[in-house]
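# Examination of the molecular architecture
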Amino acid sequence: MKIFACIATAAALLALSAPASAQFAKPEDAIKYRQSALFVMGQHFGRLGAMANGRIPFDAKVAADNADVVADMAKLPWAGFMPGTDKGNTKAKPEIWTEQAKFKENNEKLMAESAKLAAAAKTGNLDSLKTAFAATAGTCKACHDAYRNQ
């Protein structure tokens, strides 16, 4: 039984370590993947924004839960920006593929700010949430301005 468990674990780890591009059979699948990840992240980020801007009452647990989702989702969409996904049903600007180093820098900044947002939300302090939310929102806006067609 232990051998089977070890083999199963090794197989699962190997499968998870495959290149991200191998996850998508077609470029359209990668586009849908990244759009879906960004949509979910945006929904949870919007809930935090409503609290940070006073449109809904601040609830520390709900804020922490939503910030955790944002931080987790911030790691996902970048695998969907693989070669060949610059065409089709996408709002992505061509600069994503011509300025890859700068785009990657923006991805990394969003992941870092999202992690800070999650940490701030866990404090239960609305002012900390507001500060981290503003920083994360600024990161999102900068990337949208540079790399998203409206």
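Attention shifts here to the pattern of salt bridges. In the structure shown here, the tally under the stated rule is seven salt bridges. Between Asp86 and Lys87 there is a salt bridge, and its shortest N-O distance comes to 3.3 Å. The salt bridge partner of Glu108 is Lys104, with a shortest N-O separation of 2.6 Å. Placement of both Glu108 and Lys104 in helix 5 (residues 100–122) is noted, with a separation of four residues, approximately one turn of the helix.

Its 14 residues give helix 3 (residues 60–73) an end-to-end C-alpha distance of 20 Å, which sits within 8% of 20 Å, the value for a rise of 1.5 Å per residue. On its buried face, helix 3 sits against helix 2 (27–52), helix 5 and helix 6 (126–147). At the N-terminal end of helix 3, a side-chain oxygen is found 3.1 Å from the backbone nitrogen of Lys61, two or three residues along, and the residue is Asp59.

General note: in soluble globular proteins, nonpolar side chains tend to be found buried as a group. Ranked by size, the top nonpolar core spans 29 residues in total, and within it Leu48, Phe81, Ile96, Phe103, Leu117 and Leu129 carry the most contacts. Contributing elements (two or more residues each) for this core: helix 2, helix 3, helix 4 (95–98), helix 5 and helix 6. Excluding residues that lie within four positions of it along the chain, Ile96 makes contacts with Phe81, Phe103 and Tyr147.

What follows covers the packing of aromatic side chains. Under the definition given, this model contains seven aromatic pairs. With a centroid separation of 5.2 Å and an interplanar angle of 75 degrees, the aromatic rings of Phe103 and Tyr147 are classed as edge-to-face. One end of the pair, Phe103, is in helix 5; the other, Tyr147, is in helix 6, and 44 residues separate them in sequence. Three or more aromatic residues joined by ring pairs form one cluster here, namely Trp78, Phe81, Trp97, Phe103 and Tyr147. Positioned above the aromatic ring of Phe81, the side-chain terminus of Arg34 is 4.3 Å from the ring centre.

Moving on: the packing of helix 5 against helix 6. At a closest axis distance of 9 Å, the pairing of helix 5 and helix 6 adopts a crossing angle of 160 degrees. The orientation of helix 5 relative to helix 6 falls into the category roughly antiparallel. Note on packing geometry: the crossing formed by helix 5 with helix 6 is left-handed. Between helix 5 and helix 6, the contacting residues are Lys102, Phe103, Asn106, Lys109, Leu110, Glu113, Ser114, Lys116, Leu117, Ala120 and Ala121 on the first element and Ser128, Leu129, Ala132, Phe133, Ala135, Thr136, Thr139, Cys140, Cys143 and Tyr147 on the second.

Scoring rules and cut-offs
- Residues numbered from 1 in each chain as written.
- Predicted model: local features only at pLDDT ≥ 70, side-chain atom pairs only at ≥ 80, totals over all residues.
- Heavy atoms only, no water.
- Salt bridge = Lys/Arg side-chain N within 4 Å of Asp/Glu carboxyl O.
- Helix = DSSP H or I, 4+ residues; strand = E, 2+ residues; numbered from the N terminus.
- Expected span 1.5 Å × (residues − 1).
- Contact = heavy atoms within 4.5 Å.
- Polar contact = N/O pair within 3.5 Å; in protein donor to acceptor, adjacent residues only side chain to side chain.
- Core = buried A, V, L, I, M, F, W, Y, C linked by side-chain atoms within 4.5 Å.
- Buried < 20%, exposed > 50% of the residue type's maximum accessible area, 1.4 Å probe, protein only.
- Phe/Tyr/Trp six-rings, centres within 6.5 Å; stacked < 30°, edge-to-face > 60°.
- Lys NZ or Arg CZ within 6 Å of the ring centre and 35° of its normal.
- Axes fitted to C-alpha atoms, helices over the stretch in contact; angles between N-to-C directions.
- Parallel < 35°, antiparallel > 145°, perpendicular 65-115°, else oblique.
- Left-handed = near helix turned anticlockwise from the far one by under 90°.

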